[in-house]
Amino acid sequence: MEVNIPPTHPRYQSLLIREKLIKGFEEGYVAKAGLIAHGRGECFDYLIGETTIEPALKAIEAAVAALLLSNNPVISVNGNVAALVPEEVVKLAELVNAKIEVNLFYRSEERVMKIAEVLRACGAREVLGVSDATAEIPELMSERRRVSPRGILIADTVLVPLEDGDRTEALRRLGKTVIAIDLNPLSRTARAASITIVDNVVRAMPKMIEYAQKLSNASREELSSILREYDNNAILSEVLKHIRNRLEELSKSNLLIQC
Ligand code: ATP
Ligand code: MG
């Protein structure tokens, strides 16, 4: 179903994003639960102010440094990610030399194949996790345990935009560096990841591309020093303080109508 949203609508961008997810759902690769997850994300985006905040930028820089330093980085893709940022996934993977792997909570071969098609249409040369999801991540009960032996199984760093807490914890237990993009700073994913980018995936991915270009000539020593100085707990606490301060400011009389 095509919906014409007037560009003058005050929530134009946000409505466009919703339409992309609905289209992905109608085309059979976004899960019902993915639509609900998006609603949770939007709620936190309101609280953050629908902008990339300073602690997210620091996390993005560290995340890109980690990806560039890795031997086997992988970008894990689910239905929402394929609907919202497929081109950015392909571009970032190229820049940091990462593999792309489809990994779904509600796995069906049809959904996996459709997501791979979306990524290939955006220029992905290889998409793992389609017919080669033959290995298993231990202790994980959902279909997400099925991974590619050439991808997530052997990855040292996994970028998991919009991830589930269980899987983030399982990947961490395997000793992997897990980078999450999650608007909810309180989710188990956000708290279990090694690097948590609290931002909308539609803003975070283009910024990651920008940083990957910027850091492409940085030495390993420079990249390592960015990582050494990074403290995920401090970042999460800065995010919570940002939300608290913002709400405090907004709650002061007439500022509310401007938000
Ligand atoms: P937990 O990590 O505790 O399992 P959850 O069950 O809410 O949390 P999932 O449903 O598995 O997590 O994953 C969805 C997560 O993605 C939510 O935390 C939601 O806030 C976040 N999210 C949804 N849409 C976006 C988006 N566009 N950008 C960034 N994060 C998003
Ligand atoms: Mg969950």
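See the structure above.
Read on for a plain summary of the structure.

Concerning the site of ligand 1
Item 1. Taken together, 18 residues lie around ligand 1, and Arg40, Asp182, Arg188, Thr189 and Asn200 are the ones closest in.
Item 2. One of the side-chain N or O atoms of Asp164 is found 3.2 Å from an oxygen atom in ligand 1.
Item 3. Between ligand 1 and the protein, one listed contact pairs a nitrogen atom with a backbone N or O atom of Leu183 at 3.1 Å.
Item 4. For ligand 1, whose unbound accessible area comes to 620 Å², protein coverage reaches 86%.
Item 5. Of all elements in the fold, only α2 (32-48) and α8 (188-192) reach the threshold of two or more residues within the shell around ligand 1.
Item 6. Element by element, the count of residues in the shell around ligand 1 is highest for α2, at four residues.
Item 7. Class assignment for the residues of the shell around ligand 1 results in five nonpolar, seven polar and six charged.

Quick word on the packing of helix α3 (residues 54-69) against helix α10 (residues 220-229)
Item 1. The contact between α3 and α10 brings their axes to 9 Å, and the two run at 135°. By the criterion of interaxial angle, the relationship of α3 to α10 is oblique. The element α3 and its partner α10 pack so that their crossing is left-handed. Residues Glu61, Ala62, Ala65, Ala66, Leu68 and Leu69 of α3 touch α10, and the partners they reach there are Arg220, Leu223, Ser224, Ile226 and Leu227.
Item 2. Across the contact of α3 with α10, the residue classes tally to eight nonpolar, one polar and two charged.

Scoring rules and cut-offs
- Residues numbered from 1 in each chain as written.
- Chains lettered and ligands numbered in written order.
- Predicted model: local features only at pLDDT ≥ 70, side-chain atom pairs only at ≥ 80, totals over all residues.
- Heavy atoms only, no water.
- Near = heavy atom within 4 Å.
- Polar contact = N/O pair within 3.5 Å; in protein donor to acceptor, adjacent residues only side chain to side chain.
- Areas by Shrake-Rupley, 256 points an atom, 1.4 Å probe, with all protein chains shown as cover.
- Helix = DSSP H or I, 4+ residues; strand = E, 2+ residues; numbered from the N terminus.
- Nonpolar A, V, L, I, M, F, W, Y, C, P; charged D, E, K, R; others polar.
- Axes fitted to C-alpha atoms, helices over the stretch in contact; angles between N-to-C directions.
- Parallel < 35°, antiparallel > 145°, perpendicular 65-115°, else oblique.
- Left-handed = near helix turned anticlockwise from the far one by under 90°.
- Contact = heavy atoms within 4.5 Å.

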